[in-house]
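Notes for the structure review
What follows is the residue order along each chain.
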Amino acid sequence: MAVNTEKYLAVKAALDLQQVTLIAVSKTKPIEDIQALYALGQRHFGENYVQELVSKQEALPKDICWHFIGHLQSNKVKYIAPFVHLIHGVDSAGLLKEINKQAQKNNRIINCLLQIHIAREETKFGLDEDESTALLSEQYPHIALCGLMGMASFSDDVELVTQEFAGLKKLFDTIRNNNPGLQKTFTTLSMGMSADYDVAIAQGSNMVRIGSLLFGERNKAG
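Note that the structure is a prediction, hence the values are computed from the model and not measured. (Residues numbered from 1 in each chain as written. Predicted model: local features only at pLDDT ≥ 70, side-chain atom pairs only at ≥ 80, totals over all residues. Heavy atoms only, no water.)

1. Looking at the pattern of salt bridges
Evaluation of the coordinates by the stated rule reveals five salt bridges. The shortest N-O distance in the salt bridge between E47 and K56 comes to 2.9 Å. The class for K56 is buried, based on a relative accessible area of 5%. Between K56 and E52 there is a salt bridge, and its shortest N-O distance comes to 2.7 Å. Of the two residues, K56 and E52 are both situated in helix α3 (residues 50–59); the distance of four residues between them amounts to about one turn of the helix. In terms of burial, K56 and E52 fall into one category: buried. (Salt bridge = Lys/Arg side-chain N within 4 Å of Asp/Glu carboxyl O. Buried < 20%, exposed > 50% of the residue type's maximum accessible area, 1.4 Å probe, protein only. Helix = DSSP H or I, 4+ residues; strand = E, 2+ residues; numbered from the N terminus.)

Pasting the structure below:
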C-alpha cells in the first residue's frame with residue numbers, strides 16, 4: 001500500500017493546530033514512501049531498526065530529523081550517534097551511559113526521552129517512576145533529557161488506555177515541577193500511535209508516532 005497522501009495532509013493539519021509533532025513511523029517502508037511524505041513537507045521520521053535507519057539516513061536528504069523509536073541495544077548506539085535527532089526509548093542507566101559516551105566521541109549532545117512502562121503487557125520495555133527519578137539525578141554532559149515516552153496497552157478499552165496516558169502525563173508534570181532546572185528543556189511527552197493518538201493528545205501528548213495510518217500496514221520484518 002502506497003502513502004495515503006490525503007490522510008497524511010488531514011492528520012498533519014489537525015496536529016499542527018494542536019501544536020503536536022508528528023513522527024511518521026517509516027520502519028520497513030521503502031525509500032520512495034519516505035520521499036513522498038518528504039515532498040509534502042514531513043521532516044520527522046521514526047525507525048525501529050538500527051541497520052535500516054543507517055541505510056535510509058545515507059540515502060535520503062540530510063535535513064530529515066531521524067527518531068529512533070525502538071528498543072536500542074547499547075552495542076548499536078555507535079551507528080546512529082553521528083546523526084540521530086532523538087532517541088525515544090532510553091530504559092536503563094547503562095544505555096544512557098553508552099549514548100553519552102558515543103555522543104562525546106561525535107562531539108554532539110544527543111536528545112533523549114526516558115521510556116516509562118505504563119502498559120499492562122510485560123513485553124513492553126520501560127522504567128518505573130523510581131528508576132526514572134534516579135536517572136534524572138545523574139549527570140550526562142552529552143545528553144539532553146527532553147522528556148518522557150510511553151506506550152499504552154494494546155487494547156480496545158479506551159478507559160484503560162486513557163488511564164495509562166493520564167498516569168504518564170502526571171509523572172511528566174511531577175518531574176517538571178520537582179526539577180526547576182529542567183523546565184526549559186524537559187518539554188516533550190511522546191505518547192500515542194495510529195490506534196490511540198487522539199486519546200493520547202487529549203491527555204497531554206505533544207508528540208505522536210504514526211505509521212500505519214500514513215503508510216498502510218507495515219511489512220513484516222524477517
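2. Observations regarding helix α2 (residues 31–39)
For the α-helix, the turn length of 3.6 residues means that residues three or four positions removed from each other point alike. Looking only at α2, the buried set comprises D33, I34, L37 and Y38. Each buried residue of α2 lies within a common arc of 140° when the element is viewed along its axis, so the set occupies one face. Those residues of α2 that are exposed and aimed more than 90 degrees away from the buried face are E32 and A39. Of the surrounding elements, those touching the buried residues of α2 are α1 (5–17), β1 (21–25), β2 (44–47), α3, β3 (65–68) and α9 (212–215). Once α2 finishes, G41 follows within two positions and takes phi at roughly 110°, a positive value. (Arc of directions from axis to C-beta. Contact = heavy atoms within 4.5 Å.)

3. Some details on a negative patch on the surface
Together, D128, E129, D130 and E131 give the surface a local cluster of negative charge. If you trace the backbone, E129 turns up in helix α6 (residues 129–136). (Patch = residues over 30% accessible without salt bridge, like charges linked within 9 Å, V, L, I, M, F, W, Y side chains within 5 Å. Areas by Shrake-Rupley, 256 points an atom, 1.4 Å probe, with all protein chains shown as cover. Lys, Arg positive; Asp, Glu negative; His and termini not counted. Charge placed at Lys NZ, Arg CZ, Asp CG, Glu CD.)

4. Considerations on the environment of N206
Relative to the assigned elements, N206 resides in the loop between α8 (197–202) and β8 (207–210). Sequence spacing of N206 and A14 is 192 residues, and the spatial spacing of their C-alpha atoms is 12 Å. Sequence-distant contacts of N206, that is, excluding residues within four places in its chain, are made with Q19, V20, T21, T187, T188 and L189. A polar atom in the side chain of N206 sits 2.8 Å from the backbone oxygen of T187. (Polar contact = N/O pair within 3.5 Å; in protein donor to acceptor, adjacent residues only side chain to side chain.)

5. Some points on the pairing of β1
With four of five residues buried, β1 is to be regarded as a mostly interior element. Of the pairings in the sheet, the one linking β1 to β2 comprises two bridges and is parallel in character. Across the sheet, V25 pairs through a bridge with G46, a residue of β2. Considered for its hand, the β-α-β crossover made up of β1, α2 and β2 is right-handed. (Pairing = 2+ DSSP bridges. Right-handed = clockwise from strand over helix to strand, strands pointing away.)

6. Description of the nonpolar core
In terms of nonpolar packing, the biggest core is built from 61 residues, with L15, I80, I87, I99, L114 and L148 touching the most fellow members. Apart from the residues lying within four places of it in its own chain, the contact partners of I80 are V50, L53, V54, F68, L72, I87 and R108. Within the second largest apolar cluster, six residues are counted, among which are I23, L86, L113 and C146. (Core = buried A, V, L, I, M, F, W, Y, C linked by side-chain atoms within 4.5 Å.)

7. Side note on unusual backbone geometry
In terms of backbone geometry, most residues other than glycine have negative phi values and most peptide bonds are trans. In the Ramachandran plot, T28 falls in the positive-phi region, its phi being about 65° despite a non-glycine side chain. If you trace the backbone, T28 turns up in the loop between β1 and α2. Accessibility expressed as a relative area gives 18% for T28, which makes it buried.

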